[in-house]
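Given next are the chains, with one letter for each unit.
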Amino acid sequence: DAAGWFDTGDLGLLGPSGDLLFRGRQKETIVLAGGENVEPTRVEAAITPSPLVHQVVVVGQDRKTLAALVVPERDAVVARLGLPTTTTLADLAAKPEVAALLKDELTRRTGSGSGLRPFEHVARVAVLGEVLSGDNACLTATLKVRRHEVVKRFAKDVEAAYAG
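Residues numbered from 1 in each chain as written. Predicted model: local features only at pLDDT ≥ 70, side-chain atom pairs only at ≥ 80, totals over all residues. Heavy atoms only, no water.

Draft legend 1. Structural detail: the overall build of the protein chain. The number of helices and strands found in the protein chain is six helices and seven strands. Each helix and strand of the protein chain, ordered N terminal to C terminal, gives the series β-β-β-β-α-β-β-α-α-α-β-α-α. Taking 2.2 N^0.38 as the reference for a compact globule, 164 residues should give roughly 15 Å; the C-alpha atoms of the protein chain span a radius of gyration of 17 Å, in line with that estimate. Overall, the protein chain is about 60 × 35 × 30 Å in size when its C-alpha atoms are taken along their principal axes. Long-range contacts, defined as pairs at least 24 residues apart, comprise 50% of the intrachain contacts of the protein chain with a sequence gap of at least 6. Accessible area for the protein chain stands at about 9,400 Å²; split by element, carbon and sulfur atoms hold 55% of it. Both charge centroids of the protein chain, one from 20 positive and one from 21 negative side chains, sit 3 Å from each other. (Helix = DSSP H or I, 4+ residues; strand = E, 2+ residues; numbered from the N terminus. Rg over C-alpha atoms; globule rule 2.2 N^0.38 Å. Contact = heavy atoms within 4.5 Å. Areas by Shrake-Rupley, 256 points an atom, 1.4 Å probe, with all protein chains shown as cover. Lys, Arg positive; Asp, Glu negative; His and termini not counted. Charge placed at Lys NZ, Arg CZ, Asp CG, Glu CD.)

Draft legend 2. Structural context of the pairing of strand S6 (residues 66–72). In terms of residue burial, S6 counts as a mostly covered element, since seven of its seven residues are buried. Side-chain alternation along S6 places Leu-66, Ala-68, Val-70 and Pro-72 on one buried face and Ala-67, Leu-69 and Val-71 on a second face that is also buried. The sheet contact formed by strand S5 (residues 53–59) and S6 spans six bridges and is antiparallel. Each bridged residue has a counterpart across the sheet, and for Val-57 the counterpart in S6 is Leu-69. With antiparallel pairing between neighbouring strands as the criterion, S5 and S6 make up a hairpin whose turn holds six residues, including Gly-60 at a positive phi of roughly 155°. Bridging between S6 and strand S7 (residues 122–127) involves five bridges; their strand directions are parallel. When the bridges of S7 are listed, Ala-67 appears paired with Arg-124. (Buried < 20%, exposed > 50% of the residue type's maximum accessible area, 1.4 Å probe, protein only. Pairing = 2+ DSSP bridges.)

Draft legend 3. Examining the nonpolar core more closely. With 40 residues, the main nonpolar core has Val-43, Ile-47, Leu-69, Val-70, Leu-102, Leu-106 and Leu-132 as its most contacted residues. Counting only elements with at least two residues in this core, the list comes to helix H1 (40–47), S5, S6, helix H2 (74–81), helix H3 (89–93), helix H4 (96–110), S7 and helix H6 (155–163). Broken down by element, the residue count for this core peaks at six residues, all from S6. Discounting residues that sit within four places of it in the chain, Leu-102 has contacts with Leu-52, Val-53, Val-70, Pro-72, Val-125 and Val-127. (Core = buried A, V, L, I, M, F, W, Y, C linked by side-chain atoms within 4.5 Å.)

Draft legend 4. Broad picture of the pattern of salt bridges. All told, the structure shown has 10 salt bridges when counted by the stated rule. Residues Glu-44 and Arg-147 are paired through a salt bridge, measuring 2.7 Å at the closest nitrogen-oxygen approach. Of the two residues, Glu-44 sits in helix H1 while Arg-147 sits in helix H5 (residues 147–153), which places them 103 residues apart along the sequence. Per residue, the accessibility class of Glu-44 equals that of Arg-147, and both read buried. Across the pair Glu-159 and Arg-63 runs a salt bridge whose closest N-O atoms are separated by 2.5 Å. With Glu-159 in helix H6 and Arg-63 in the loop between S5 and S6, the pair connects residues that are 96 residues apart, well separated along the chain. Of the residues examined, Glu-159 reaches a relative accessible area of 44% and is grouped as partly exposed. (Salt bridge = Lys/Arg side-chain N within 4 Å of Asp/Glu carboxyl O.)

Structure (structure tokens):
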């Protein structure tokens, strides 16, 4: 533009020292039913360090609260719950105790004391039974989440998370 900026679709913030801090992507912004704007990558960054989480995608467009679609870290969840080592991701997705474990973990990571705003708290969780990849069109070639494809592919899981 006239000021020398490129319109890349990235959201940034100029820090006090003049550094440009990356905050997310415009097209990924989730607008909750109450009008709050949420950058899902900020919430996901609070969740991904969990040893129980392999992958996470935060959703909630036009909803009252956020939900997380979680691919569990299979070995860690199996060990934590004392499940057989032959348990698959699909098996984990079908177990209510896995959803409860992950919901507790996400509540701890996004709740008070996490540095996130109250409306950025993840209130709902859906456990996915498959890894997000380029093969299922959920990741780009550079391994970025294709959020709209994830929401489309796992629409039943999203609805189930909000129904429960």
